[in-house]
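# Tertiary structure, described
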Amino acid sequence: FSSLNSAKRIKVDAERKKTLLLKMPMELTQSRIQKIWLPNDNRPALPRRSCGPQLANSPTVIVMVGLPARGKTYISKKLTRYLNWIGVPTKVFNVGEYRREAVKHYSSYDFFRPDNEEAMKVRRQCALAALRDVKLYLTEEAGQIAVFDATNTTRERRGMILNFAKENGFKVFFIESVCNDPTVVATNVMEVKLSSPDYRDCNSTDAMEDFMKRINCYQASYQPLDPDNYDRELSLIKVIDVGRRFLVNRVQDHIQSRIVYYLMNIHVQPRTIYLCRHGESEFNLKGKIGGDSGLSNRGKKFALALNKFVEEQNLKDLKVWTSQLKRTIQTAEALQLPYEQWKALNEIDAGVCEEMTYEEIREQHPEEFALRDQDKYYYRYPSGESYQDLVQRLEPVIMELERQENVLVICHQAVMRCLLAYFLDKSADEMPYLKCPLHTVLKLTPVAYGCRVESISLNIEAVNTHRERPEEAKKGPNPLMRRNSVTPLASPEPTKKPRINSFEEHVAVSSALPGCVPQEVPTQMPGQ
Amino acid sequence: SPARELTQNPLQKTWEPYDNGLPAGHSAQRGVCMTNCPTLIVMVGLPARGKTYISKKLTRYLNWIGVPTKEFNVGQYRRDLVKKYKSFEFFLPDNEEGLKIRKQCALAALNDVRQYLSEENGHVAVFDATNTTRERRETIYKFGEENGYKTFFVESVCVDPEVIAANIVQVKLGSPDYVDCSNDEATEDFMKRIECYKNSYETLDESLDKDLSYIKIMDVGRSYLVNRVMDHIQSRIVYYLMNIHVTPRSIYLCRHGESELNLKGRIGGDPGLSVRGKEFAKSLAQFINEQNIKDLKVWTSQMKRTIQTAEALGVPYEQWKVLNEIDAGVCEEMTYEEIQENYPLEFALRDQDKYRYRYPKGESYEDLVQRLEPVIMELERQENVLVICHQAVMRCLLAYFLDKPAEQLPYLKCPLHTVLKLTPVAYG
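Residues numbered from 1 in each chain as written. Chains lettered and ligands numbered in written order. Predicted model: local features only at pLDDT ≥ 70, side-chain atom pairs only at ≥ 80, totals over all residues. Heavy atoms only, no water.

If you look chain B up in an unreviewed UniProt entry, it shows as F264 bisphosphatase from Halcyon senegalensis.

An unreviewed UniProt entry annotates chain A as F263 bisphosphatase originating from Halcyon senegalensis. Annotation of chain A in UniProt includes, under Sequence similarities (unreviewed entry), the sentence "In the C-terminal section; belongs to the phosphoglycerate mutase family." (UniProt positions renumbered as here; feature names shortened; annotations may be inferred.)

Here it is, written out as structure tokens:
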């Protein structure tokens with residue numbers, strides 16, 4: 001598996017390459033970990049990808065648009081989590097966080113008044129700093145998509161961003177959230193604003209009052225996207241009333257099409273997702289992997305315990321999904337509820353290693369055994385699958401889980417790890433080592449910007465099928481060095497460092513301190 | 001009470017519960033269709049806005065992914081009733097005789113819709129007519145409600161005269177209505193026909209129609225308005241409609257060059273090309289060169305034989321695991337004789353229902369279709385593409401483009417060393 005930085009790069013023009021190829025015997029070698037066939041010349045002058053369509057060519061800046069408390073940050077984070085899971089490196093740049101770094105103490109909504117000139121200057125600086133970091137991420141840190149999370153409610157601001165993108169060769173896609181239902185807005189404020197660092201020292205009533213005044217500051221200057229006229233040429237989606245209605249304009253490419261599809265499938269109804277594995281199987285008892293065995297006695301006990309557990313949860317309309325392997329179906333049968341079998345939920349295919357124990361694998365396929373420990377996410381069993389393949393196969397399951405409400409998914413160890421990694425925003429590196437023991441239910445509830453997870457053991461004994469990451473295993477190359485797509489990254493920590501160092505203490509941001517003169521602030525524009 | 005026993009269906013290898021020896025309910029196979037109630041799709045739009053194009057294409061797609069769908073074109077009912085079309089005057093809003101006949105046709109079509117959805121196990125019916133007045137749409141909506149159908153409207157709005165003129169040339173001039181006319185006469189008459197609808201046209205409205213489920217397609221897909229998507233199938237329909245386009249292009253399908261296992265009569269595996277297979281690869285390179293295709297994308301599977309074939313072309317290509325050949329499970333790398341000898345029951349079952357038959361520990365054509373759906377979706381998005389794949393895979397893709405049903409799909413002819421060039425034309 002040759003490294004990107006090999007010095008043996010052969011520059012050959014297209015004509016000569018064609019002549020060479022016509023003479024070459026078309027020799028290929030299969031990469032040891034991923035089992036991908038690559039040409040022997042070791043230096044593909046032709047770019048190629050392994051797992052699917054090139055998801056994006058130029059990097060894309062997704063620009064959120066909307067008044068405060070319209071779900072922009074919720075959408076930003078969720079979308080970023082999804083894109084990273086399907087292997088598109090994505091990062092959120094929340095301008096509010098830059099502002100909190102720059103202005104240590106938030107005093108009141110006065111900061112956001114349109115006539116507060118000093119504050120306007122600070123806010124603009126924060127936006128520019130965030131854009132600078134966007135540029136760094138997309139051009140130097142192998143980022144593919146940057147989500148620029150701010151109100152961006154004026155044409156002027158959006159025009160500035162469009163220019164920035166044009167200068168740098170980035171595509172732009174706008175996501176506007178429009179909502180005038182006061183109940184929804186109030187709920188959002190309670191869910192995520194009252195606990196914001198801005199209102200750390202306030203009680204709920206005062207915080208709510210201040211925030212509503214904050215929203216007001218934006219109303220007068222808000223220019224919604226206008227795809228019929230002014231914004232005809234822009235690529236955008238307008239999400240109206242939390243997904244009741246969508247307006248989509250000029251989708252440019254595959255990834256924008258996937259983003260639109262995802263946004264149209266997510267919802268905010270409270271609900272719970274339960275993940276568990278089948279009950280202990282006969283093969284589990286023997287330490288054999290894969291296969292299609294039935295439940296052991298203890299596995300059957302678990303199925304009955306699961307039935308009791310589900311009844312106690314007292315859920316409205318629970319959907320139950322299983323794989324098409326006997327052990328998950330047997331487990332579901334104990335529930336006496338209708339269930340749907342998904343082939344896509346079948347356990348990872350261990351290929352030539354199916355139905356072997358780990359000892360047998362180590363004996364009969366020692367090299368494969370070692371390779372798997374080296375890079376468990378990318379490792380593909382000979383004639384089998386990798387975790388990377390699993391993610392691709394599970395994407396429709398995730399999409400349907402987003403559409404649904406209460407669901408219980410009875411699946412398998414590797415499959416459950418992949419699904420869990422999506423909900424908990426875990427990277428490819430961590431995914432194959434997430435703990436998903438037998439006879440334990442994970443209860444996932446969406447809360448604020450993420451997912452609460454509760455682990456409930458049903459107290460039926462079972463073998464432990466978890467293998468820890470071996471200490472001595474050499475780590476594979478950095479995921480960012482991979483040429484292949486579909487490498488889930490956990491969404492990166494937001495960049496908070498203020499690149500505007502000099503005005504932390506000195507900017508007058510409150511009308512309570514009218515006399516303060518702000519220090520000279522750097523006016524560096526992105527790209528300069 | 002003890003859990004019910006499971007038995008494995010010998011054809012599809014799926015586990016099903018049995019109750020006292022009889023198959024019991026409670027479990028469903030997730031195909032792709034998750035419709036509970038049937039869905040009625042109602043097209044809306046002036047003539048020559050692509051309604052029939054969309055109806056047929058959508059119907060083809062839904063059937064391919066396993067959702068029984070049928071289209072009902074009211075114009076066809078009118079042609080069956082009124083044997084000879086005379087002129088646009090039939091469509092004048094004050095032509096009472098004409099209006100009576102047209103309403104009769106719409107009702108006849110709806111009656112057939114009801115039969116299809118309620119008695120013939122159809123899941124989706126596409127009602128293809130102008131449906132340009134709110135009154136007509138309310139009639140249809142009520143019909144849907146009475147029968148327990150979900151209704152989803154698809155409106156096509158377009159004011160670009162060039163697009164409309166192109167549509168007329170593509171599909172109207174050749175219509176049975178204009179079989180005795182010159183092109184100019186036909187075009188003139190058709191334009192007047194469109195005018196007949198304009199005054200009474202009530203487009204789907206943000207306020208008045210806010211409780212309906214619909215998608216409004218503007219300017220052949222430049223923008224879309226989507227309102228109240230109710231369920232999975234509507235979401236899939238919207239996704240599909242948003243990915244299709246009408247830009248002329250060609251899709252080339254072929255298999256890898258002959259492989260070493262082909263020579264031995266063995267199925268599956270991951271062999272390399274034979275000598276003749278390599279020759280084919282070189283010929284393919286030459287063929288592609290001669291075609292002089294703009295911006296050709298090349299896709300292969302992740303099996304050696306397709307990649308070797310692509311390597312000969314000297315252009316970038318993308319490897320898709322989902323394009324891999326059907327997994328023959330325990331029969332991998334066997335000859336058909338060996339299969340018949342070692343697995344005579346399996347061998348017989350496969351001939352019984354080749355589409356649904358799943359190899360033990362392997363796949364069925366039905367599984368293939370599900371795995372290939374993202375390929376079809378991306379093919380719809382793309383322009384010129386060459387797909388180098390495998391026999392079973394190619395049959396599935398071809399069945400989608402040529403609207404072949406499941407029974408025929410596994411028997412479509414896809415010989416080695418043959419390229420199929422597909423070009424969209426009119427409605428197919």
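Residues and elements named next belong to chain B. For helix H9 (residues 275-291), with 17 residues, the first-to-last C-alpha span of 25 Å sits near the 24 Å given by 1.5 Å per residue. Where H9 is concerned, the buried positions are Gly277, Phe280, Ala281, Leu284, Ala285 and Ile288. Around the axis of H9, the buried residues are gathered within 145° of arc, so they sit on the same side. Residues Val275, Arg276 and Glu290 are exposed on H9 and point more than 90 degrees away from its buried face. (Helix = DSSP H or I, 4+ residues; strand = E, 2+ residues; numbered from the N terminus. Expected span 1.5 Å × (residues − 1). Buried < 20%, exposed > 50% of the residue type's maximum accessible area, 1.4 Å probe, protein only. Arc of directions from axis to C-beta.)

Time to look at the domain arrangement of chain A. Residues and elements named next belong to chain A. With domains assigned, chain A is organised as domain 1 (60-265) and domain 2 (273-473). Look at where the C-alpha atoms of domain 1 and domain 2 centre, and you get two points 36 Å apart. Counting from both sides, the interface comprises 15 residues of domain 1 and, opposite them, 16 residues of domain 2. Across the interface of domain 1 and domain 2, roughly 1,600 Å² is buried in total on both sides, 62% from carbon and sulfur atoms. Applying the counting criterion to the domain 1 and domain 2 interface returns two salt bridges. Across the pair Glu395 and Arg258 runs a salt bridge whose closest N-O atoms are separated by 3.5 Å. Going through the elements one at a time, helix H2 (72-85), helix H6 (182-193) and helix H8 (254-265) are the ones with two or more residues in the side of domain 1 that touches domain 2. The greatest single-element share of the side of domain 1 that touches domain 2, amounting to seven residues, is contributed by H2. For the side of domain 1 that touches domain 2, the class distribution of residues is eight nonpolar, two polar and five charged. (Domains from an automatic or database assignment. Contact = heavy atoms within 4.5 Å. Buried area = accessible area lost by both parts, 1.4 Å probe. Salt bridge = Lys/Arg side-chain N within 4 Å of Asp/Glu carboxyl O. Nonpolar A, V, L, I, M, F, W, Y, C, P; charged D, E, K, R; others polar.)

Once that is clear, we can look at the UniProt feature "active site" (unreviewed entry) in chain A. Residue and element names in this part refer to chain A. Per the UniProt entry, the sites bearing "active site" (unreviewed entry) are His278 and Glu347 in this numbering. Across 70 residues of sequence, these annotated residues stay compact in space, with a maximum C-alpha separation of 10.7 Å. Within the fold, His278 resides in the loop between strand S9 (273-277) and helix H9 (282-286). Not counting residues up to four positions away in its chain, the partners in contact with His278 are Asn284, Phe302, Arg327, Thr328, Thr331, Ile410, Cys411, His412 and Leu438. A polar contact is formed between the side chain of His278 and the side chain of Arg327, at a distance of 3.4 Å. Inspection of the secondary structure assignment puts Glu347 in the loop between strand S11 (339-341) and helix H12 (358-364). Here Glu347 falls in the buried class, since its relative accessible area comes to 17%. (Polar contact = N/O pair within 3.5 Å; in protein donor to acceptor, adjacent residues only side chain to side chain.)

On to the domain arrangement of chain B. Buried accessible area, meaning the area lost when the parts come together, often serves as the stated size of an interface. Residues and elements named next belong to chain B. Looking at chain B, the domain boundaries give domain 1 (39-242) and domain 2 (251-422). Facing the nine residues of domain 1 at the interface are 13 residues of domain 2. In this assembly, domain 1 and domain 2 are joined by two salt bridges. One salt bridge in this structure joins Arg236 and Glu373, with 3.4 Å as the shortest N-O distance. Between domain 1 and domain 2 we count six residue pairs in polar contact (both at pLDDT 80 or more) in total. Looking at the side of domain 1 that touches domain 2, the elements that each hand over two or more residues are helix H1 (51-64) and helix H7 (232-243).

On the chain B side, the residues contacting the 63 residues of chain A number 63 residues. At the boundary of chain A with chain B, total buried surface from both sides reaches about 5,600 Å², with 50% on carbon and sulfur atoms. Of all residues in chain A, A:Met26, A:Trp37 and A:Arg245 give up the largest surface area on contact with chain B, accounting jointly for 14% of the area buried on that side. Our enumeration of links across chain A and chain B arrives at two salt bridges. Across the salt bridge formed by B:Glu206 and A:Arg245, the nearest N and O atoms sit 3.5 Å from each other. Those elements that provide at least two residues to the side of chain A that touches chain B are helix H1 (14-23), strand S1 (28-30), strand S2 (37-39), strand S8 (245-249), H8, helix H11 (326-333), S11 and helix H14 (387-403) of chain A.

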